[in-house]
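Fold and geometry: a report
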Amino acid sequence: MSKRIPLIAGNWKMNKTATEATELVQALSATIGKESNVHVVLCPPFTALERVSGLLEGTHLVLGAQNAHDKVSGAFTGEVSVVMLRDLHVTYVILGHSERRAIFGETDAFVNRKVLSALEASLRPILCVGETLAEREAGKAFEVVKTQLEAGLAGVNQAKSDQVVIAYEPVWAIGTGKTATPAMAQEVHAFIRATLNTLFGIEAASRMRILYGGSMKPDNADALLAEKDIDGGLIGGAALEAKSFTELVRSAARSVSR
Ligand code: 13P
């Protein structure tokens, strides 16, 4: 099995002006800018991408975006394409976040087109999957995650699979302070890995990173990251402060040596 380098991605959501982003990125470059046994991705809002892109030059921190449209250009008022992101040196793009699905009505089919478009432009998708509380209580968590994975990854070939990162974000844990226990999260991560095995083969699936997201904080990160199939985190609230995000990155770096 290949050894996976952990990845910590900060999803800033609709927070931080370009001016506020500058302060946060300067603080993060000082604390974690040279950390090398963990990959760190910052996903500011579109309006701060160019500023952050410039600030990340010469650091090990990598730029991500929070969404993209599947078309390269055209009459899609208010949308941003993968090619535009690439031009700003964006490397990763979060796709299919539960907030996009629930608030903006994004379907699996639309998310799939975005994934294919991102890969075509050499962007690395962070495909988000996860069940709601009602789905979990109805015993449907695995079924929901499987459908989102299979539909979201339709048409992705094995050669490109290692460009894809999966984020398991149980909707009931996002921004609520309720985290899945490490055992609960690992159970779903193992199921995701098994689904990826079927889609891409064991070798390719063993190289793919599966992040956990949903109230991951410095005080619960070590235990989550110690699980075999949890390869990092997609962080919301705790990514907005340099101190907590730095602690999460250090936690991921420690998890490698354990
Ligand atoms: P919180 O860390 O604030 O729960 O958000 C998780 C998330 O949605 C990251 O994409």
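A brief structural summary. Predicted, not measured: the structure shown is a model, and the values here were computed from it.

1. Remarks on the overall build of the protein
In terms of helices and strands, the protein carries 12 helices and eight strands. Considering only C-alpha atoms, the protein reaches an extent of 45 × 45 × 35 Å along its principal axes. Burial status across the protein gives 52% buried among its 258 residues. Long-range pairs, those at least 24 residues apart, make up 73% of the contacts in the protein between residues at least 6 apart in sequence. Accessible surface for the protein amounts to roughly 11300 Å². Of this, 55% is attributable to carbon and sulfur atoms.

2. A word on the pattern of salt bridges
Under the criterion given, the structure shown has 16 salt bridges. For the salt bridge of Arg207 with Asp162, the shortest nitrogen-to-oxygen distance reads 4.0 Å. Taken together, the residues Arg207 in helix H10 (residues 202-207) and Asp162 in the loop between helix H8 (158-161) and strand S6 (165-168) connect sequence positions 45 residues apart. Residue classification places Arg207 among the partly exposed positions, given a relative accessible area of 38%. One network of salt bridges, with partners in common, ties together Arg4, Arg193, Lys228, Asp229 and Asp231.

3. Quick look at the nonpolar core
Residues Leu42, Leu153, Ile166, Ile192, Leu196, Tyr212 and Phe245 are the most contacted members of the largest nonpolar core, which totals 67 residues. Beyond its immediate sequence surroundings of up to four residues, Ile192 is in contact with Val129, Val145, Leu149, Ile166, Tyr168 and Ile210. Counting 12 residues, the second largest nonpolar core, distinct from the first, contains Ala9, Val41, Tyr92 and Val165.

4. Details of the state of the cysteines
Evaluation of the coordinates by the stated rule reveals zero disulfides. Here Cys43 stays free of any disulfide, with the sulfur of Cys128 as its closest cysteine sulfur at 9.4 Å.

5. Overview of helix H2 (residues 46-56)
For H2, the full list of buried residues reads Ala48, Leu49, Val52, Ser53 and Leu56. For H2, the angular spread of the buried residues around the axis is 145 degrees, confining them to a single face. Away from the buried face of H2 by more than 90 degrees, exposed residues Thr47 and Glu50 are located. At its buried positions, H2 is contacted by helix H1 (18-32), strand S2 (39-43), strand S3 (61-65) and helix H3 (82-87). Positive phi appears at Gly58, one or two residues downstream of H2, with a value of about 85 degrees.

6. Describing unusual backbone geometry
Even without a glycine there, the phi angle at Ser122 is positive, about 60 degrees. Turning to its location among the elements, Ser122 is positioned in the loop between helix H5 (108-120) and strand S5 (124-129). If you check the backbone angles, Ser215 has positive phi at about 55 degrees while not being a glycine. Its place among the elements puts Ser215 in the loop between strand S7 (209-213) and helix H11 (218-225).

How each quantity is defined
- Residues numbered from 1 in each chain as written.
- Predicted model: local features only at pLDDT ≥ 70, side-chain atom pairs only at ≥ 80, totals over all residues.
- Heavy atoms only, no water.
- Helix = DSSP H or I, 4+ residues; strand = E, 2+ residues; numbered from the N terminus.
- Buried < 20%, exposed > 50% of the residue type's maximum accessible area, 1.4 Å probe, protein only.
- Contact = heavy atoms within 4.5 Å.
- Areas by Shrake-Rupley, 256 points an atom, 1.4 Å probe, with all protein chains shown as cover.
- Salt bridge = Lys/Arg side-chain N within 4 Å of Asp/Glu carboxyl O.
- Core = buried A, V, L, I, M, F, W, Y, C linked by side-chain atoms within 4.5 Å.
- Disulfide = S-S within 2.5 Å.
- Arc of directions from axis to C-beta.

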